Amino acid sequence: MQSSSPIKLDMFANHQAIGADAYFDVRDPGKFSEVVAQVAVGNAKHVDYAVTAAHEAFLSWRNIAVRGRAERLLMAADALEAIADALAITLVREQGMLLRDTRRDVANGIKTLRETAAIAEAFLQPDRFEDEESLIRVEKAPIGVIGAIIPWNAPMGLSMAKVGPALVCGNTIVIKPSPFAPVAVSQALQTVASFFPPGVINIVHGDGEVGPALTRHPLVRRVSFTGGIDTGKAVMAAAAASVKNVGLELGGNDPAIVLDDARPEEVVPELIRRIFPRSGQVCYAVKRVYVPAAIYDKFFDTLCEAVDKLQVGYGLDSRSTLAPVNNVRQFRFIQDLIKRTRQGGAEVRELGKKVDPDNWEKGYYLLPAVVRNVAPNAEIVVGEQFGPIIPLVPYHTEAEAIQMANSTEHGLASSIWTSDFERGMQLAKSVEAGMTFINSHARTSLGDRYMPFGGVKQSGIGRVRTTIGLAEYIEYHAISLNRKTLTNVKGKH
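We now turn to the structure provided with this report.

The rules behind each value
- Residues numbered from 1 in each chain as written.
- Predicted model: local features only at pLDDT ≥ 70, side-chain atom pairs only at ≥ 80, totals over all residues.
- Heavy atoms only, no water.
- Helix = DSSP H or I, 4+ residues; strand = E, 2+ residues; numbered from the N terminus.
- Buried < 20%, exposed > 50% of the residue type's maximum accessible area, 1.4 Å probe, protein only.
- Contact = heavy atoms within 4.5 Å.
- Areas by Shrake-Rupley, 256 points an atom, 1.4 Å probe, with all protein chains shown as cover.
- Pairing = 2+ DSSP bridges.
- Axes fitted to C-alpha atoms, helices over the stretch in contact; angles between N-to-C directions.
- Core = buried A, V, L, I, M, F, W, Y, C linked by side-chain atoms within 4.5 Å.
- Phe/Tyr/Trp six-rings, centres within 6.5 Å; stacked < 30°, edge-to-face > 60°.
- Lys NZ or Arg CZ within 6 Å of the ring centre and 35° of its normal.
- Salt bridge = Lys/Arg side-chain N within 4 Å of Asp/Glu carboxyl O.
- 1 Å grid on protein atoms, 1.4 Å probe; cavity = no way out; pocket = protein on both sides within 12 Å on 5 of 7 lines; lining within 4 Å.
- Points joined across faces, edges and corners; volume = space filled by probe spheres on them.
- Nonpolar A, V, L, I, M, F, W, Y, C, P; charged D, E, K, R; others polar.

**A word on the overall build of the protein chain**
Tallying secondary structure elements over the protein chain gives 16 helices and 23 strands in all. Taking the principal axes of its C-alpha atoms as reference, the protein chain extends roughly 80 × 60 × 40 Å. Counting every position in the protein chain, which comprises 493 residues, the buried fraction comes to 56%. In the protein chain, the share of contacts with a sequence separation of at least 24, taken over all contacts with a separation of at least 6, comes to 73%. Summed over its atoms, the accessible surface of the protein chain is roughly 20,900 Å², and 52% of this surface lies on carbon and sulfur atoms.

**As for the sheet that holds strand β6 (residues 127-130)**
Taken together, three strands build an open sheet; the order of strands is β6-β7-β23 and the sheet is antiparallel. A strand with exactly one partner marks an edge of an open sheet, and here the two such strands are β6 and β23 (474-482). Averaged over all adjacent pairs, the angle separating strand axes in this sheet is 15°, with direction ignored. As paired elements, β6 and strand β7 (residues 134-142) share four bridges and run antiparallel to each other. Note that in β7 the partner of Glu130 across the bridge is Leu135.

**Some details on the nonpolar core**
Ranked by internal contacts, the top residues of the largest apolar core, which has 48 residues, are Ile173 and Ile201. Counting residues in each nonpolar core, the second largest holds 31 residues, with Ala262, Phe276, Leu310 and Leu367 among its members.

**Structural notes on the packing of aromatic side chains**
Scanning the entire structure with this criterion turns up seven aromatic pairs. Each ring, one from Trp61 and one from Phe196, has its centre 5.4 Å from the other, and the planes form 75°; the classification is edge-to-face. One end of the pair, Trp61, is in helix α1 (residues 44-61); the other, Phe196, is in the loop between α6 (183-193) and β10 (201-203), with 135 residues separating them in the sequence. For Trp61, a relative accessible area of 1% corresponds to the buried category. Given the relative accessible area of 3%, Phe196 is considered buried. By way of ring pairs, the aromatic residues Phe32, Phe331 and Tyr364 are connected into one cluster. It is Arg222 that lies over the ring of Tyr473; its NZ or CZ is 4.5 Å from the centre. Lying across the ring of Phe300, Arg372 places its NZ or CZ 4.4 Å from the centre.

**Considering the pattern of salt bridges**
Across all of its chains, the model carries 29 salt bridges by this definition. Residue Arg319 is joined to Asp317 by a salt bridge in which the shortest nitrogen-to-oxygen separation is 2.8 Å. Connected through salt bridges with shared partners, the residues Asp260, Asp261, Glu398 and Arg423 form a single ionic network.

**Considering the environment of Gly460**
Looking at the secondary structure, you find Gly460 in strand β22 (residues 460-461). Dropping the residues within four chain positions of it, Gly460 is found in contact with Leu248, Leu250 and Gly455.

**A few points about empty space enclosed by the protein**
Scanning the model with the defined rule gives three cavities of 30 Å³ or more in all. In this structure, the largest cavity encloses a volume near 130 Å³. Contributing to the lining of the largest cavity are 17 residues, with Glu249, Ile461, Gly462, Arg463 and Val464 lying nearest its centre. Breaking the lining of the largest cavity down by element, the ones donating at least two residues are β11 (220-226) and β12 (245-249). Per-element accounting of the lining of the largest cavity gives the leading share, four residues, to β11. For the lining of the largest cavity, a count of residues per class yields six nonpolar, six polar and five charged. There is about 50 Å³ of room inside the second largest cavity. Every residue lining the second largest cavity is counted, 13 residues in all, and those nearest its centre are Pro255, Arg288, His410, Gly411 and Ala413. Listed by contribution, the elements that provide at least two residues to the lining of the second largest cavity are β13 (254-258) and β20 (413-417).

Listed below in structure tokens is the structure:
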């Protein structure tokens, strides 16, 4: 693809572009020489302007009927679908992922808006209880201004998972995109904003100053954050000063437990798809695999053979089956992690093929790696790698596998691989995670509708998707009428 002039990306509030004194470059992770965009650097004053606009819009937006809000979401989804391919291509160039992955991310965002619109009206109906003495109505009221902070690895799906529920429940929102992938998601959000009144959707770019200003702002009543655990702790601490409602979708270190009745030749192809999506840069990608000692060597060999077929290259190159990592920090972290893992005595086997070896040093390219003979408590096992590397850990009993799977402070997703469905179901109950898959490690179409997404322990607070996710964006307001206190009460109750 030919390089083009950088996009100038301003902030957005009250349906207006907001410039800044300084702009930062967003460079293509697969081609360092290409500047994709120049993005406005926001500050606390920009945050205040955007939050104030959102608060003023909230005062009228909260009174719009739920059906009207949902209809606007559906129109916005249709508009995004019309520009989906252009958004996906832009996302490849700023984020580095494969085009098929960015297309999936855009499609997921569109799907999320439609799913949210479909369930909102029934969910937001008040609950009603009555007897001869009294009537109770439990209203589901909007919270107010939502502050949303989104990451770079799946910005389209994750942003719409916040925007859709927030808006359909009657809230307004101020969004801070990641500086590592702000362009496509901002274009998408401005498209969505065009179907809503000014101030309902606002965007502020920046880094060190913007996030804290948003989480501390007194008019922000809820903060929804997706990202790393350490930053999540800082968000929670900042929100505590004004007792804000918080939703945190944090890191994952998902275990996959392969049982002794599983067939490596059947399990490995599916596992490959779940270990290396977006080059391993997915919160609920498989990040450690526990394998029975009796089949460990065979499983390792089968996995290595499959990983060696992966082709690492530019995201818009059709030959690529694995793309670069997103940024220099993650690139260096994985390189250093491999070095430390080898120094610890484990075998790290780097595999795969370079699509374009001559330009390998012009992007954040890493070959995928499989690790064996690694201690269960090694850094690469108990920490979140967030890159194209996977450790295999042997075990002797199911109890040992469960103990090791539960031994970290992560608890996002997990999976069990077996030929015995009932055995898998029983074992799944012992795993400490927000989600456990059997013979898969991904949501199904049924799961999108009925499976709340989120983690336990330090993997987060709260859930997204389904009506459980909608409940994160409302306040319950109980109203009680005592029928016997006054005898001259008029009206239908």
